[in-house]
Amino acid sequence: MEMVKALLDGSKKVVVLTGAGVSAESGVPTFRGRDGLWKTHRPEDLARPDAFAMNPELVWEFYNWRRDLVGKCEPNPAHLALAEMERHIPNFLLITQNVDGLHAAAGSRKYLEMHGSLWQLKCTKCTHARDDRSDLPPMPECPVCGHLLRPGVVWFGEPLIPGVLKLAIAQISSADVFISVGTSNLVQPAASFYQLAREHGAVTVEVNLEPTANTGFMDFAMHGKAGEILPELVTGLSE
Ligand code: NAD
Ligand code: ZN
């Protein structure tokens, strides 16, 4: 802990990657955790374009359930600690795979939502897109063209939002410190970000409940709850 703390002085460029584990203590289920299943479905089987094409009603039911659940969740000490880190480290970027909006709710501003947001809606036909936190009908329609709307998230098997990967790669390549928090490191390309950071000379740190496939390759690994480890990491950070 003390050695990692020492890395976080204000002169360093710090890039943090977060995954579903950072929101677990807020009550948002991870995909691969114990409460991962929705009804009898694996979320990975629903968060995909082919599932939506085949059964949009079921996929929308899943997303409306997630919007309802996440809408009741609040940021936890891990989100708050990352917002605090941003305030103390001028050269900072948070890259999140999460779609729950909890980093913004905790006060983070320098964040990149790699996989979009649950709160965004996009038309499946025209360019209509909007942020909307209201309760939606089972099959929400585009107010412009009447076609079906879809959640503004990046599904498994879909490309990332244009420009996002390029920006993430540029930022990670120039980082002095790369910290991965609460991600199982099974979803690409994020799972390989630590390699990129390493190749460019960054010190790499993992914070996760348990070891992951990447643990052995990290310079430091801290295992435990993100909501306990991160607040400790930011205590005593100077301006
Ligand atoms: P994942 O579900 O594959 O893995 C979560 C990881 O977090 C696990 O390794 C687990 O050990 C760890 N974890 C659980 N509780 C923790 C805690 N309290 N502290 C620290 N670590 C903890 O999640 P992933 O790697 O982010 O990949 C899943 C994909 O699904 C992502 O691409 C993401 O877009 C999406 N997803 C998002 C959310 C969300 O927005 N909150 C939730 C589920 C899935
Ligand atoms: Zn439309």
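Computed from a prediction, not measured in an experiment: that's the story for all the values here.

Basis of the calculations
- Residues numbered from 1 in each chain as written.
- Chains lettered and ligands numbered in written order.
- Predicted model: local features only at pLDDT ≥ 70, side-chain atom pairs only at ≥ 80, totals over all residues.
- Heavy atoms only, no water.
- Donors = N, O, S within 2.8 Å, 3.2 Å for Na, K, Ca; no water.
- Tetrahedral: all angles 85-135°; square planar, octahedral: opposite > 155°, others 65-115°.
- Helix = DSSP H or I, 4+ residues; strand = E, 2+ residues; numbered from the N terminus.
- Buried < 20%, exposed > 50% of the residue type's maximum accessible area, 1.4 Å probe, protein only.
- Lys, Arg positive; Asp, Glu negative; His and termini not counted.
- Salt bridge = Lys/Arg side-chain N within 4 Å of Asp/Glu carboxyl O.
- Polar contact = N/O pair within 3.5 Å; in protein donor to acceptor, adjacent residues only side chain to side chain.
- Near = heavy atom within 4 Å.
- Areas by Shrake-Rupley, 256 points an atom, 1.4 Å probe, with all protein chains shown as cover.
- Nonpolar A, V, L, I, M, F, W, Y, C, P; charged D, E, K, R; others polar.
- Contact = heavy atoms within 4.5 Å.
- Domains from an automatic or database assignment.
- Buried area = accessible area lost by both parts, 1.4 Å probe.
- Pairing = 2+ DSSP bridges.
- Axes fitted to C-alpha atoms, helices over the stretch in contact; angles between N-to-C directions.

A. Representation of the coordination of the zinc ion (ligand 2) in the model. Donor atoms from the polypeptide that bind the zinc ion (ligand 2) are Cys 123 (SG), Cys 126 (SG), Cys 142 (SG) and Cys 145 (SG), placed at 2.2 to 2.3 Å. In this structure, the zinc ion (ligand 2) is coordinated by 4 donor atoms arranged in tetrahedral fashion, with angles at the metal of 99 to 118°. The motif formed by the donor residues of the zinc ion (ligand 2), counted along the single chain, is C-x2-C-x15-C-x2-C. One end of the pair, Cys 126, is in the loop between strand E4 (116-123) and strand E5 (129-131); the other, Cys 145, is in the loop between E5 and strand E6 (149-153), with 19 residues separating them in the sequence. On the basis of relative accessible area, Cys 145 is assigned to the partly exposed category, the value being 32%.

B. Region of interest: the side chain of Asp 100. Turning to its location among the elements, Asp 100 is positioned in the loop between strand E2 (92-96) and helix H7 (102-105). Notably, Asp 100 is buried but unbridged: the nearest opposite-charge side chain belongs to Arg 66, and the N-O separation is 6.6 Å. At 2.6 Å, the side chain of Asp 100 forms a polar contact with the side chain of Ser 23. At 2.9 Å, the side chain of Asp 100 forms a polar contact with the backbone nitrogen of Leu 102.

C. Highlighting the side chain of Thr 96. You can see Thr 96 is positioned in strand E2. A relative accessible area of 2% means that Thr 96 is categorised as buried. A polar contact is formed between the side chain of Thr 96 and the side chain of Thr 18, at a distance of 2.7 Å.

D. Molecular detail of the site of ligand 1. Around ligand 1, a shell composed of 27 residues is seen, among which Arg 32, Gln 97, Val 99, Asp 100 and Ser 184 lie nearest. Backbone polar atom of Ala 20 to an oxygen atom of ligand 1: 2.8 Å apart, as the coordinates give it. Side-chain polar atom of Glu 25 to a nitrogen atom of ligand 1: 2.7 Å apart, as the coordinates give it. When ligand 1 sits alone it has 850 Å² of accessible area, and the protein chains cover 93% of it. Per-element accounting of the shell around ligand 1 gives the leading share, 3 residues, to helix H2 (residues 21-24). For the shell around ligand 1, the per-class residue count stands at 9 nonpolar, 12 polar and 6 charged.

E. Looking closely at the environment of Asn 91. If you trace the backbone, Asn 91 turns up in the loop between helix H6 (77-88) and E2. For Asn 91, a relative accessible area of 40% gives the class partly exposed. Here the alpha-carbon distance between Asn 91 and Ala 175, two residues 84 residues apart in the chain, equals 8.9 Å. Beyond its immediate sequence surroundings of up to four residues, Asn 91 is in contact with Lys 12, Lys 13 and Val 14.

F. Spotlight on the domain arrangement of the protein chain. As assigned here, the protein chain comprises domain 1 (2-28 + 76-115 + 159-234) and domain 2 (29-72 + 119-153). Each of domain 1 and domain 2 was reduced to a C-alpha centroid, and the two centroids are 26 Å apart. Each partner contributes residues to the interface: domain 1 has 12 residues there, and domain 2 has 9 residues. Taken over both partners, the interface formed by domain 1 and domain 2 buries close to 810 Å², and the fraction arising from carbon and sulfur atoms is 63%.

G. Structural view of the sheet that holds E2. Read across the open sheet, the 6 strands follow the order E3-E2-E1-E7-E8-E9; overall the sheet is parallel. Because the sheet does not close on itself, it has two edges, and the strands there are strand E3 (111-113) and strand E9 (220-223). On average, each strand axis in the sheet is inclined to that of its neighbour by 15°, with strand direction left out of account. For E2 and E3, the ladder comprises 3 bridges, and the chain directions are parallel. Paired with Thr 96 across the strands is Glu 113, a residue of E3.

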